[in-house]
Amino acid sequence: MAGPGRAGADRPGAGRGRGAQREQAETRLREQLAAQRASAKEEIDRVREQLKAARVENSDLRRKLHDARERVRAAEARAAEVEAGTAEARARAASANGAAETELRRLRERLADVERQLEASRRAAREGRSVEDARVRVLLDALQDTAAGLRKELGLPTTISRPADYVNAVVPGEPGVTAVPARALANDDPQLLDQLLAIPHLHLIVDGYNVTKTGYPSLTLADQRARLLTGLGGLAVQTRAEVTCVFDGAELNGPVQVSAPRGVRVMFSAPGEIADDLIRTLVRAEPPGRAIAVASSDREVAESVRRMGARPVPSLLLLRRLGRG
């Protein structure tokens with residue numbers, strides 16, 4: 001009987017132990033639930049803060065995107081204005097270019113007309129001078145015929161003779177360029193040119209650029225021409241020789257404005273012709289026996305004019321003579 005009584009006595013204690021365990025388990029569960037709720041609340045709060053920050057950032061991004069779009073629209077508007085202004089400027093430039101080309105063509109046509117009128121005036125002047133020269137020659141011929149008729153009618157001698165004219169002797173020849181000694185003087189001695197210039201009615205032909213490029217090649221062509229022509233003007237006044245200065249005009253695009261000094265004839269070779277050929281033409285145009293000197297250091301020019309009876313002199317010789325004054 002004792003065994004069953006102990007078993008009955010142990011059952012309430014066992015029930016109380018199980019109740020305590022359940023309470024402890026419930027307490028742990030409640031604590032875990034509270035902890036989970038607290039953790040969930042913290043997580044919710046954190047998520048809410050992130051969501052709030054994301055909304056603020058999203059708002060800032062939207063505002064920046066709006067500003068960027070406004071700037072893009074403004075830039076596009078400015079680009080359109082610039083493009084329109086560029087197109088307008090191009091149109092104005094094209095119009096101005098067309099007007100300038102039209103004006104240039106008009107000026108070229110006017111220049112061509114002026115040149116034609118100038119050439120016609122020169123031709124008329126030359127023809128007028130030729131007519132006047134012919135009239136003067138006719139008048140002189142008439143006067144000579146009248147004088148000869150009067151001399152014949154009156155029985156006057158044609159010349160006045162003097163006693164010395166009846167003495168037989170060898171008459172000296174007229175001075176010429178070949179009579180000037182070449183060996184007695186150096187080829188660059190200015191006195192050689194002085195002796196040539198002393199010959200009456202000497203025609204001095206100057207190879208212009210050959211002289212200037214020998215003496216002062218660093219100057220521009222215009223300054224070279226001006227300096228040479230100034231010196232030749234003084235030389236023509238001092239010696240009274242006929243001076244012709246020839247320049248190469250084969251590569252010129254139009255006539256060159258040159259102020260020739262008194263007593264100096266300035267000539268440019270025609271298109272397709274070099275100055276050397278023009279110099280030979282000038283020498284060839286002179287009558288036989290005319291005293292001619294050609295200032296040029298070009299060997300071919302010197303040899304060709306020498307064969308035609310002219311006296312070539314080096315360009316340096318003329319430069320030294322001009323430098324002496």
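Quick summary incoming for the structure in this document. (Residues numbered from 1 in each chain as written. Predicted model: local features only at pLDDT ≥ 70, side-chain atom pairs only at ≥ 80, totals over all residues. Heavy atoms only, no water.)

Think of a pair of aromatic rings as described by two things: how far the centres are apart, and how the planes are tilted against each other in angle. Applying the stated criterion to the full structure yields two aromatic pairs. Geometrically, the ring pair formed by Tyr209 and Phe247 is tilted, given 4.9 Å between the ring centres and 55 degrees between the ring planes. Of this pair, Tyr209 sits in helix α3 (residues 208-215) while Phe247 sits in strand β2 (residues 242-247), placing them 38 residues apart in sequence. As far as burial versus exposure is concerned, Tyr209 and Phe247 are alike and both buried. Members of the aromatic cluster, connected to one another through ring pairs, are Tyr209, Phe247 and Phe268. (Phe/Tyr/Trp six-rings, centres within 6.5 Å; stacked < 30°, edge-to-face > 60°. Helix = DSSP H or I, 4+ residues; strand = E, 2+ residues; numbered from the N terminus. Buried < 20%, exposed > 50% of the residue type's maximum accessible area, 1.4 Å probe, protein only.)

Moving on to a nonpolar patch on the surface. The grouping of Val136, Leu140 and Leu143 at the surface amounts to a nonpolar patch, some 270 Å² of accessible area in total. Following the sequence through the fold, Leu143 ends up in helix α1 (residues 2-154). (Patch = residues over 30% accessible without salt bridge, like charges linked within 9 Å, V, L, I, M, F, W, Y side chains within 5 Å. Areas by Shrake-Rupley, 256 points an atom, 1.4 Å probe, with all protein chains shown as cover. Salt bridge = Lys/Arg side-chain N within 4 Å of Asp/Glu carboxyl O.)

Below, the discussion takes up the pairing of strand β1 (residues 203-207). Among the five residues that make up β1, five are buried, leaving the element largely enclosed by the rest of the structure. Residues His203, Ile205 and Asp207 point to one face of β1 and Leu204 and Val206 to the other, with burial holding for every one of them. Relative to β2, β1 is paired through five bridges, and the arrangement is parallel. Counterpart to Val206 in the pairing with β2 is Cys245. In the sheet, β1 pairs with strand β4 (residues 292-295) via four bridges, with the strands oriented parallel. When the sheet's bridge partners are listed, His203 is paired in β4 with Ile292. (Pairing = 2+ DSSP bridges.)

With that out of the way, let us pick up the pattern of salt bridges. When charged atoms on two side chains of opposite charge get close, those side chains can pair. Inspection of every chain in the model, using the stated rule, returns 14 salt bridges. The salt bridge involving Glu88 is made with Arg92; its shortest N-O contact spans 3.1 Å. Of this pair, Glu88 and Arg92 both sit in helix α1, four residues apart, roughly one helical turn. Assessed through its relative accessible area of 48%, Glu88 is described here as partly exposed.

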